[in-house]
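Residues per chain are reported as follows:
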Amino acid sequence: MSTLIPERQLEQQEQEQKNKKKRKKNKTMSVCTSRVLLVTPNEFRFNEATASDNAMMNKIDGSPSEIATAAAKEHQNLVVALQSSGVDVDLFEASPETPDACYVNNWFSTHHDSIEKGKSLILYPLKAPNRRLERREDIIKKLKEIYPSVCDFSEYEKQEKYLESTGSLILDRKNKKAYVGLSLRADTEVLNKFCEETGYEAVSFHTQDRNGDPIYHTNVLLTIGRTFAILCTDAIVQTDRERVVKSLEETHKVIHISFDQMDRFCANSIELSTKEGKSILVMSTNAYEGFNEDQRTELQKHVDSIVHVPLPTLEKVGGGGVRCCIAELF
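Residues numbered from 1 in each chain as written. Predicted model: local features only at pLDDT ≥ 70, side-chain atom pairs only at ≥ 80, totals over all residues. Heavy atoms only, no water.

Asks: Looking at this structure, how should I read the side chain of serine 154?
Replies: Inspection of the secondary structure puts serine 154 in the loop between β5 (149-152) and α5 (165-168). Its relative accessible area of 12% is what places serine 154 among the buried residues. In this structure the side chain of serine 154 is engaged in a polar contact, spanning 2.6 Å, whose partner is the side chain of aspartate 152. The contacts of serine 154, once residues within four sequence positions are left out, are Leu123, Tyr124, Pro125 and Arg135. (Helix = DSSP H or I, 4+ residues; strand = E, 2+ residues; numbered from the N terminus. Buried < 20%, exposed > 50% of the residue type's maximum accessible area, 1.4 Å probe, protein only. Polar contact = N/O pair within 3.5 Å; in protein donor to acceptor, adjacent residues only side chain to side chain. Contact = heavy atoms within 4.5 Å.)

Asks: I tried to follow helix α6 (residues 188-198) on my own but got confused; where do I start?
Replies: Residues spaced three or four apart along an α-helix point in a common direction, a consequence of the helix completing one turn every 3.6 residues. Inspection of α6 places Val190, Leu191, Phe194, Cys195 and Thr198 among the buried residues, and these make up the whole buried set. Looking straight down α6, one finds that the buried residues subtend no more than 140 degrees of arc, so they occupy a single side. Structurally, α6 contributes buried residues whose contacts are with β3 (108-111), β4 (120-123), β6 (169-172), β7 (177-182) and β8 (201-206). With a side-chain oxygen positioned 2.8 Å from the backbone nitrogen of glutamate 189, the residue opening α6 is aspartate 187. Downstream of α6 by a residue or two, glycine 199 has a phi angle that is positive, lying close to 85 degrees. (Arc of directions from axis to C-beta.)

Asks: What is the right way to read the sheet that holds β5 from this model?
Replies: Hydrogen bonds along the backbone pair up the strands of a sheet, which may run parallel or antiparallel. Across the sheet, which stays open at both edges, the 3 strands sit in the order β3-β4-β5 with mixed pairing between neighbours. Taken across any chain shown, the strands that pair with only one partner, and hence form the sheet edges, are β3 and β5. Averaged over all adjacent pairs, the angle separating strand axes in this sheet is 20 degrees, with direction ignored. The pairing of β4 with β5 spans 4 bridges and is classified as parallel. Bridged to leucine 121 within β5 is valine 150. (Pairing = 2+ DSSP bridges. Axes fitted to C-alpha atoms, helices over the stretch in contact; angles between N-to-C directions.)

Asks: Which parts of the structure should I look at to understand the sheet that holds strand β9 (residues 222-224)?
Replies: Read from one edge of the open sheet, 3 strands run β9-β10-β11, paired in mixed fashion. Pairing within the sheet leaves two strands with one partner each, and these edge strands are β9 and β11 (253-256). With strand direction ignored, the average angle separating the axes of adjacent strands in the sheet is 15 degrees. With 4 bridges connecting them, strand β10 (residues 228-231) and β11 associate as parallel partners. By the bridge assignment, alanine 229 is partnered in β11 with valine 254.

Now the structure itself:
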């Protein structure tokens, strides 16, 4: 029989309620981080080195200065939106020789529970030579202060084998599955090495766009949140489609989108946590308006709020949206 006095019992109950809230917050943040890293574009422009296999890139009217200024403004608005929503943003500025540096999620990923050595940083091999310049020593040095264990896959570039981080890898961190659309930027050997190092299970598949060509990055056709997934089902080849959908449906509510919606970057979104532990889904305004009303209603069941920002230049010229601009710091 408890001998606690009533006041002590009340204190204990209050503490348990606080602990429950903390556990709920930590559970959200273990899958969705509240801290991210972004790189402000500097002389952003159409990158000829990446255009050959990225069908979402386009040349548009406007002087180089006008395009660069528009991209920088859009990116700044994204930073402000994230900070206003309660997300911590570590911000670096791109160097002029790296036009795609604002798509920072392609060359590194961070992990707090995937590798036995503890907090870890993984560096990835990139297909385009001018994108390899984005792996800057000053950023890596800063990241090493948080992630002392480093796993470097960039040596695979010498073998012309690539895996462009969370552009190629869509990580279901809760269930330890790595979904990957195989392409020139997503090599099976490097994927297997990633899974060996991190303990993830690979769910790989082949993709095709309307013209039958492989889709350059998985993150334009698939988003995975804590309890939902957004998938352009038709972008997965018929022989792989049922297997991938079944794997997703085992753990998530799958929201299926069309090729038209994929082209609007509806699947290029990301779920984050705020510092208060609330969940937000971040996407471009183009993507938000691309969902129909039923889809938006379904998405709102899974997050506390949806945050969207216009990124027309970054999407149209660079072929990358909100997800491409955000690197998670776990």
